[in-house]
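Structure at a glance
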Amino acid sequence: MTTRQLVAGLVAAALGLATAVLGVVGQADLAIAALGLLLAVLVVVLLDIRRRQGEMAKRLKQMAQRDLATARKIDRLRGLPADVEASGRRTLDAVTGEVRSTVGRLQTAGDRVLTGIAQERLAAAERHVELVGHVGGIGSTLTSLGDGVSGIREDVASTKKRVDGARRDLLAGQEELAQGEKRRLISLRERVDKLGYEPVRQIQALMQLDKRIDARAPLPPTGGWAMEPTTLFRLVRLVDQTRPAMVVECGSGASTVWLAYALESLGGGRLVSLEHDERYAEQTRRTLEEHGLSGVAEVRHAPLSEVEVNGETFTWYDPTAVQDLKDIELLLVDGPPRASGPRARYPALPLLGTRLAPGARIVLDDVDRPEEQEAADAWLAETPGLVREGSETDRSALLTYRPG
Ligand SMILES: C[S@@+](CC[C@H](N)C(=O)[O-])C[C@H]1O[C@@H](n2cnc3c(N)ncnc32)[C@H](O)[C@@H]1O
């Protein structure tokens, strides 16, 4: 119920109540008026209800229309899936057809592209083969160039090696020259020093030799090509001390005579002197004869020949000239002359070593010269039992052979 209907109901109730009260109290006129008002209110209420019913019906109609429209929409919506499906199918078909035709077109295009690619690859392969051929050509050229470069590199390396070797040789040569020069300077200084006192020493030695040897004829000169008096005196003293039964001399001359005198005075001993030069051999023989010493000393002509020592070839006395010699107790090495070849005196000990008696003495003259010094060093290094005695500064080296 609306507020208006409540108010109209209350007014109608009040008018009915007033009508009833007025009728009871005898107020008929007022009761009729109140009744008329009550009827009017009722008519108004009825009219209002009718109006409201009409509005309600209108609203219901509108609602029904809306429901109807909604029901139609629902119906339409219910049919929509089928439409959508049909439409989707159509679209799918269309799309499928489109895709198929696109695929076909793509396939055709792809085939064309693949063919193009294949042709391109073929062309590329041909170019590659061609290139490989070129590269092969270049490779073989490079290989031959490489071989050439390797060859050049080897040549350079071997040249460098040779240059290095030559440089080393040069340095060694320079060093050797410097050493040689130094030795020569020392020797020169010694010789200069010697000039002061040497003549006195030589005269002294000669005076002593003269006292020791009672010569029967003029003696050959000493010094120069012949031994110096100091060396001769040393030799004679050695003979006196060791009394050798067998003396061998390499290189005849003045020493042959002095030694023969020394041996003769001792009452024994024999001297064989090897001489390469027949002229000097004859000359020394004559001198020995003049002094009556031919029975003590023999000058044996032994021409120079090639001999082999430890695989090396030297020029020395003919070995057949020494074949009968044995038990040599004193070996004097004063020949062959230096001019006959390098290390001219070195072969003496290797070739006569087996003919030496135990305890034999070896005298090597001119050891103040490098070549003779080298020979003495080599003998000492190669011959077991060989020792050097006396001073290293002597012009002649005295060695003793004592084999084990
Ligand atoms: C270094 S000399 C020494 C010879 C000897 N041992 C001496 O001291 O008298 C070596 C060579 O000189 C030569 N010779 C020998 N008598 C000679 C002389 N009267 N004049 C020049 N040379 C001579 C010989 O050929 C000999 O082999």
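Before going into details, it helps to say that this report is about the structure given with it. (Residues numbered from 1 in each chain as written. Predicted model: local features only at pLDDT ≥ 70, side-chain atom pairs only at ≥ 80, totals over all residues.)

This next bit is on the site of the ligand. The ligand sits among 15 residues. The nearest are Ala226, Met227, Gly251, Gly253 and Asp334. Those elements giving two or more residues to the shell around the ligand turn out to be helix H4 (254-266) and helix H5 (278-290). When grouped by side-chain class, the residues that make up the shell around the ligand number 6 nonpolar, 6 polar and 3 charged. (Near = placed C-beta within 6 Å. Helix = DSSP H or I, 4+ residues; strand = E, 2+ residues; numbered from the N terminus. Nonpolar A, V, L, I, M, F, W, Y, C, P; charged D, E, K, R; others polar.)

The subject of this paragraph is helix H7 (residues 370-382). With 13 residues, H7 should cover 18 Å at 1.5 Å per step; its first-to-last C-alpha distance of 18 Å lies within 8% of that length. Within the sequence span of H7, burial applies to Glu372, Ala375, Ala376 and Trp379. End-on view of H7: buried residues confined to an arc of 95°, all on one side of the axis. Packing partners of the buried residues in H7 comprise helix H6 (348-352), strand S7 (356-364), strand S8 (386-389) and strand S9 (397-401). (Expected span 1.5 Å × (residues − 1). Buried ≥ 20, exposed ≤ 12 C-beta atoms within 10 Å, placed from the backbone. Arc of directions from axis to C-beta. Contact = placed C-beta atoms within 7 Å.)

Right, let's talk about helix H3 (residues 229-242) for a bit. For H3, which comprises 14 residues, the first-to-last C-alpha distance of 20 Å matches the rise-based estimate of 20 Å (1.5 Å per residue) to within 8%. Listing the buried residues of H3 in full gives Pro229, Thr230, Thr231, Leu232, Phe233, Leu235, Val236 and Val239. At the C-terminal side of H3, Arg243 shows a positive phi close to 45°.

Backbone torsion omega between Gly335 and Pro336 reads 0°, so that peptide bond is classified as cis. Examined against the element boundaries, Pro336 turns out to sit in the loop between strand S6 (328-333) and H6. Even without being glycine, Asn310 reaches a positive phi, approximately 50°. The topology assignment puts Asn310 in the loop between strand S4 (304-309) and strand S5 (312-317). Accessibility expressed as a C-beta count within 10 Å gives 9 for Asn310, which makes it exposed.

What follows deals with the environment of Ser252. Position of Ser252 relative to the elements: it lies in the loop between strand S1 (246-250) and H4. Each C-alpha atom, one on Ser252 and one on Thr284, is 6.9 Å from the other, the two residues being 32 residues apart in sequence. Setting aside chain neighbours within four positions, we find Ser252 in contact with Ser273, Glu275, Tyr280, Ala281, Thr284 and Val299.

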